[in-house]
Each structure stands twice: as structure tokens, then as C-alpha cells.
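An overview of the molecular structure
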Amino acid sequence: MNLTTALAAAQTPQANGGAKALPPVRIGMIDGLSGAFSNAGEAVQRNLQIAIDRVNARGGVRLPDGQHKLVLSSFDNKQGVEESLTALKHLTDQHIPFVVQGNSSAVALALVDAINKHNQRTPDNRVLFFNYSAVDPVLTNEKCSYWHFRFDASADMRMHVLTEVIKDDSRAKKIYLIGQDYSFGRQVARSARNMLAEKRPDISIVGDDLHPIGKIKDFAPYVAKIKANGADAVITGNWGNDLSLLVKAAKDAGMVLKFYTFYGNGLGAPAAIADAGIGRVRAVAEWHPNAGGTDSDAFYSQFRQRYPDPRDDYVHLRMQVMIEMLASAIEKARSTEAAAVARAMEGAQYKNAFHNALMRAEDHQLIQPLYVSVMQKKGESGVRFDNEGSGYGFKTERYFDARLTALPTSCKMTRM
């Protein structure tokens with residue numbers, strides 16, 4: 001277990017008008033900070049830190065005894081389930097009340113099960129799980145939990161808006177599915193098949209590949225199969241290096257086809273795709289830097305000022321929303337006790353000048369708008385900002401109001 005403390009200074013009592021500083025409210029992040037997907041974990045850390053700093057800049061969270069700063073403690077799970085469960089044990093031993101994780105649905109499912117059991121066994125040391133990226137739909141359906149809240153759109157919600165775009169593309173005839181071989185990757189493929197069959201039964205699925213997660217160094221053989229099957233578009237939920245290497249292989253093969261991605265707008269993908277992606281690579285997200293408007297631009301510019309290195313340029317609005325909603329729920333509950341904060345979070349709303357979201361009480365799924373954006377050169381109409389200094393950014397192609405992104409849930413939750 002690799003433990004780092006992102007706000008060590010906040011843990012040291014300091015004089016404040018002669019009074020001793022109150023203990024901080026700790027948030028424990030469990031995610032990969034080493035190995036093939038360390039870039040994804042580090043991106044999360046940056047996003048969480050700047051969100052926490054915003055809360056702390058206004059004094060922290062107000063509880064009956066005064067204001068408490070937030071502190072982030074990061075646990076490296078090396079992207080493994082067993083390492084994640086070990087990290088959770090360290091976290092609960094330290095009485096950290098809030099767990100955040102996201103970069104693996106397999107890990108999230110294991111954490112939900114472990115937290116359910118822990119909270120039942122240890123009611124005086126219960127924890128809440130806030131999920132920023134694990135999008136397997138089961139987490140807010142049959143595996144839903146009172147102790148789990150998801151702030152990202154589920155894989156089905158993301159696929160719903162992507163297939164709405166594909167539905168209206170008369171040139172889409174043959175689609176290839178490729179993804180990582182774990183619960184999330186398999187769910188992306190199932191969702192794509194089911195939704196395309198309903199919305200565009202004339203489209204042929206000409207290939208469906210799953211590959212080991214984080215193990216493939218050369219995607220040329222997969223790209224050769226895509227080419228041989230005559231695909232004119234690819235749907236993938238790949239993320240991290242698995243996405244960057246896939247799109248780079250397609251570029252190297254000289255392929256001119258559309259990529260419909262969950263995460264094609266960051267972590268090296270735009271630079272890897274370069275000119276071959278212009279007008280072809282699409283991504284879906286709750287927000288993107290070129291969403292537009294003075295307040296949106298200011299939000300993004302503030303992030304870039306804090307993290308000026310182009311390699312650090314990967315901004316997740318949902319993580320900012322998550323920390324703000326957690327802070328509000330703590331203040332509403334007047335407590336950091338898990339059940340009290342969970343009650344305060346249910347039905348909570350978040351609204352700023354460019355985003356509006358609701359935490360649905362039925363399944364603890366955040367309902368929010370989604371954008372499908374298309375890759376263009378920086379400086380083109382609607383592309384003020386590029387991604388990671390690549391010279392390429394994303395322009396809104398379709399905007400889906402929150403009412404259009406919400407899908408039914410089968411969750412039957414046991415409440416406290």
C-alpha cells in the first residue's frame with residue numbers, strides 16, 4: 001500500500017485566532033498510481049485536489065463545532081481487486097469516512113460488496129463510497145447499495161447518447177466493437193449490440209473483440225482485423241493506454257474510419273490520433289473544455305493555471321461536482337456519519353452557471369447532461385482549447401439534456 005497525503009499541511013493544527021485547528025475531514029482515494037494506468041490515477045488525483053482546494057479556500061465544511069478542512073489521502077491499488085480490498089482495510093482502520101474510486105468497474109464492484117459487509121459489521125465506523133468513473137450499469141441496478149453513489153454516467157447512459165448520434169449517421173453501415181476484457185468492456189459491447197439493434201437494425205456488427213486490460217503493447221493485429229472486416233466505424237470503451245495505443249495503431253495503418261469512444265478526448269489519445277481524427281473521433285462526457293460560455297471557460301482556465309504542464313491537462317467536471325455535493329451533504333447532515341450523509345445526498349441537486357445535476361434517490365445515480373463532441377484542430381470554429389497541448393480539441397456535436405440521458409433502473413435498495 002502506497003499512502004500519500006495530498007494536503008499534509010491541513011492535517012497539522014495551526015493557530016487561528018489562538019484556537020487549535022479542528023481535525024480535517026478525510027477522503028480516501030483508492031486507485032491506480034503505478035503500472036499501466038498510472039496516468040489515469042494521477043489525473044484523478046489532480047482533479048480531486050483542485051476541487052478540495054476550492055472547498056478549503058472558503059473555510060472547509062461547516063459542522064456544529066466549526067469549520068473543518070478536507071484532506072485527500074491516496075492509496076495505490078495497482079489497479080487490482082485484492083490490493084483495493086487491502087487499501088480499504090487500511091482506510092477503515094484509520095477511520096476515514098469517505099472512499100472515492102472509479103478507474104475499474106471490477107474494483108468498484110468488489111468495494112461495494114466489502115463496504116456493505118464492513119458497514120453491517122461495524123456500525124460505528126461506517127463508510128460511504130463515491131464513484132467517479134466505474135460505469136458498469138449493475139452498480140446502480142442489481143448491485144446498487146445505500147452506501148454507493150455514482151457521479152459518472154453509466155455505460156448504458158453513455159452508449160445511449162452515442163448510438164443516438166450513430167442512428168442519425170446514414171453513412172454508418174458496418175461497426176466493429178472492441179474493448180477491454182472485464183465487466184465494463186463486456187457491458188459496453190452488450191449495450192452497443194442491443195441499442196443498435198433497436199435504433200438501427202440495418203447496421204451490421206462486423207467484429208467484436210475483447211483484449212486483456214493493460215497488457216497489449218501493439219494493437220496492429222486488432223486493427224488489421226478491423227480493416228479486413230470493412231468496418232466504417234469503431235465503438236470502444238477503452239481508456240488509458242489501451243485507448244491511446246489502439247487509436248495510434250489505427251492511425252499508423254492509415255485507416256479512415258470513425259471512432260465512437262467513451263474516453264477519446266484525453267490521456268494521450270488526441271496527440272496519438274492527430275490529423276486522422278479530425279471529424280472522425282467522437283467522445284462522450286458530462287462536459288468538455290469547449291462546451292462554451294464565460295463560466296465554463298473560466299473553470300477550465302483555472303485548472304490549466306493550476307496544472308500548466310500539457311501532460312496534466314485532463315479535466316473531469318464530475319469530480320468537481322462530486323466533491324462539492326459531498327461538502328454540501330456533510331453540512332446538511334451536520335455530521336460525517338455515513339448514513340446521515342447518505343440521506344442528505346439522496347435527491348440533492350448541483351447547479352452552477354454551466355451544469356445542472358440531480359442525485360437520483362432510487363439508485364444513487366447522478367443524472368446530468370451529456371455531450372457528444374468531435375475532434376477538430378485548435379482554432380477551428382468552436383474549438384478554443386486543445387487537449388494536452390496536442391493542437392487538437394473537441395467541438396460539441398450533440399448536447400443531451402439530463403432529461404434525455406436518464407434511463408430506468410432496476411435497483412431495489414435496502415435503506416438505513
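Description of the structure in this document. Model, not experiment: these values are computed from the prediction.

Further remarks concern the overall build of the chain. Helices and strands together make up the secondary structure of the chain, namely twelve helices and 20 strands. Overall, the chain is about 70 × 45 × 40 Å in size when its C-alpha atoms are taken along their principal axes. The buried share of the chain, taken over its 416 residues, is 60%. Partitioning the intrachain contacts of the chain with sequence separation of at least 6 by distance along the chain shows that 72% fall at a separation of at least 24. Computed over 50 positive and 44 negative side-chain charges, the inter-centroid distance for the chain is 1 Å.

The subject of this paragraph is the state of the cysteines. For the structure on display, the rule yields one disulfide. Across the disulfide from C144 sits C411; the S-S distance is 2.1 Å. Disulfide C144-C411: torsion about the S-S bond near 85°, hence right-handed. Of this pair, C144 sits in the loop between β9 (128-131) and β10 (148-150) while C411 sits in the segment after α12 (402-405); the two residues are 267 residues apart in sequence, bridging distant segments of the chain. For the pair C144 and C411, one class covers both residues: buried.

Moving on to the packing of helix α1 (residues 38-57) against helix α9 (residues 294-306). At a minimum axis distance of 11 Å, the contact between α1 and α9 shows a crossing angle of 110°. As summarised for this structure, α1 and α9 are arranged roughly perpendicular, according to the angle between their axes. Facing R46, N47, Q49, I50, D53 and R54 of α1, the residues of α9 in contact are F299, Q302, F303 and R306.

Residue placement: V71 occurs in strand β7 (residues 70-76). A relative accessible area of 0% places V71 in the buried class. Between the C-alpha atom of V71 and that of I115, which follows or precedes it by 44 residues, the distance is 21 Å.

A few words now on helix α2 (residues 81-93). Counted at 1.5 Å a residue, the expected span for α2 with its 13 residues is 18 Å, and the 18 Å between its end C-alpha atoms agrees. Contacts from the buried residues of α2 go to β4 (25-31), β7, β8 (98-101) and α3 (105-121). Two residues or fewer past α2, H95 is found with a positive phi of approximately 60°.

Let us now look at the nonpolar core. Core analysis: the biggest nonpolar cluster contains 72 residues, and L48 and F130 have the highest contact counts within it. The greatest single-element share of this core, amounting to ten residues, is contributed by helix α10 (residues 317-333). Leaving out residues up to four positions away in the same chain, F130 has contacts with F98, V99, V100, Q101, F149, F151, M322, L326 and M345. V188, A189, A249 and Y392 belong to the second largest nonpolar core, which has 63 residues in total.

Looking now at the packing of aromatic side chains. Overall, the coordinates contain 15 aromatic pairs when judged by the stated rule. Ring geometry for W287 and F354: centres 6.4 Å apart, planes at 45°, overall tilted. With W287 in the loop between β15 (281-285) and α9 and F354 in the loop between β16 (349-351) and β17 (356-360), this pair connects stretches of sequence that are 67 residues apart. Put simply, the rings of W287, F299, Y300, F354 and F385 pair up and form one aromatic cluster.

Before going further, it helps to examine the pairing of β4. For β4, the tally of buried residues reaches seven of seven residues, placing the bulk of the element in the interior. Residues V25, I27, M29 and D31 of β4 are buried on one face, and the alternating residues R26, G28 and I30, pointing to the opposite face, are buried as well. With seven bridges joining them, β4 and β7 adopt parallel strand pairing. When the bridges of β7 are listed, M29 appears paired with S74.

The next subject is the sheet that holds strand β12 (residues 204-211). An order of β12-β11-β13-β14-β15-β19-β20 is seen for the seven strands of this open sheet, with the pairing classed as mixed. Across the chains shown, the open sheet's two edge strands, defined by having one partner strand only, are β12 and β20 (392-400). Averaged over all neighbouring strand pairs, the angle between strand axes comes to 20°, with direction disregarded. Sitting on the sheet, helix α5 (residues 183-199) is in contact with β11 (174-180), β12 and β13 (233-236), with an inclination near 160° to β11.

All right, on to the pairing of strand β14 (residues 258-261) then. Alternating residues of β14 divide into K258 and Y260 and F259 and T261, and every residue in both groups is buried. As paired strands, β13 and β14 are joined by four bridges and run parallel to one another. If you follow V234 over to β14, its bridge partner there is F259. Traced from β13 through helix α7 (residues 241-252) to β14, the parallel crossover comes out right-handed. Note that β14 and β15 share three bridges and pair parallel. Within the sheet, the bridge partner assigned to Y260 lies in β15 and is R282.

Conventions used here
Counting restarts for each chain: residues are numbered from 1 in the order of the written sequence. Reporting of local features is limited, given that this is a predicted model, to residues whose pLDDT is at least 70; pairs of side-chain atoms are given and counted only at 80 or more, and all residues count toward the totals for whole chains, interfaces and linings. To obtain the side-chain values, all non-hydrogen atoms of the structure were included, while hydrogens and water were left out. In DSSP terms, a helix is any run of H or I states spanning at least four residues, a strand is any run of E spanning at least two, and both are numbered starting from the N terminus. Only protein chains enter the accessibility calculation, which uses a 1.4 Å probe; a residue whose area is less than 20% of its type maximum is buried, one above 50% is exposed, and one in between is partly exposed. We call two residues in contact whenever any of their non-hydrogen atoms come within 4.5 Å of each other. Only four residue types enter the charge count, namely Lys and Arg as positive and Asp and Glu as negative; His and the chain termini do not. To locate a charge, the coordinates of NZ of Lys, CZ of Arg, CG of Asp or CD of Glu are taken. Criterion for a disulfide: a pair of cysteine sulfur atoms within 2.5 Å. Only the stretch in contact is used when fitting a helix axis, every axis being a line fitted to C-alpha atoms; angles between N-to-C directions are given from 0 to 180 degrees. Any angle that is under 35 degrees is reported as roughly parallel, and any over 145 degrees as roughly antiparallel; angles of 65 to 115 degrees are reported as roughly perpendicular and all others as oblique. Helices are assigned an expected span. That span is 1.5 Å times one less than the residue count. To qualify as a nonpolar core, a set must consist of buried Ala, Val, Leu, Ile, Met, Phe, Trp, Tyr and Cys residues joined through side-chain atoms within 4.5 Å. For Phe, Tyr and Trp, where Trp contributes only its six-membered ring, two rings pair if their centres lie within 6.5 Å, and the inter-plane angle classes them as stacked under 30 degrees, edge-to-face over 60, or tilted in between. When DSSP finds two or more bridges between a pair of strands, those strands are recorded as paired. Orient the strands so they point away from the viewer; a crossover is then right-handed if the path from the first strand over the helix to the second runs clockwise.

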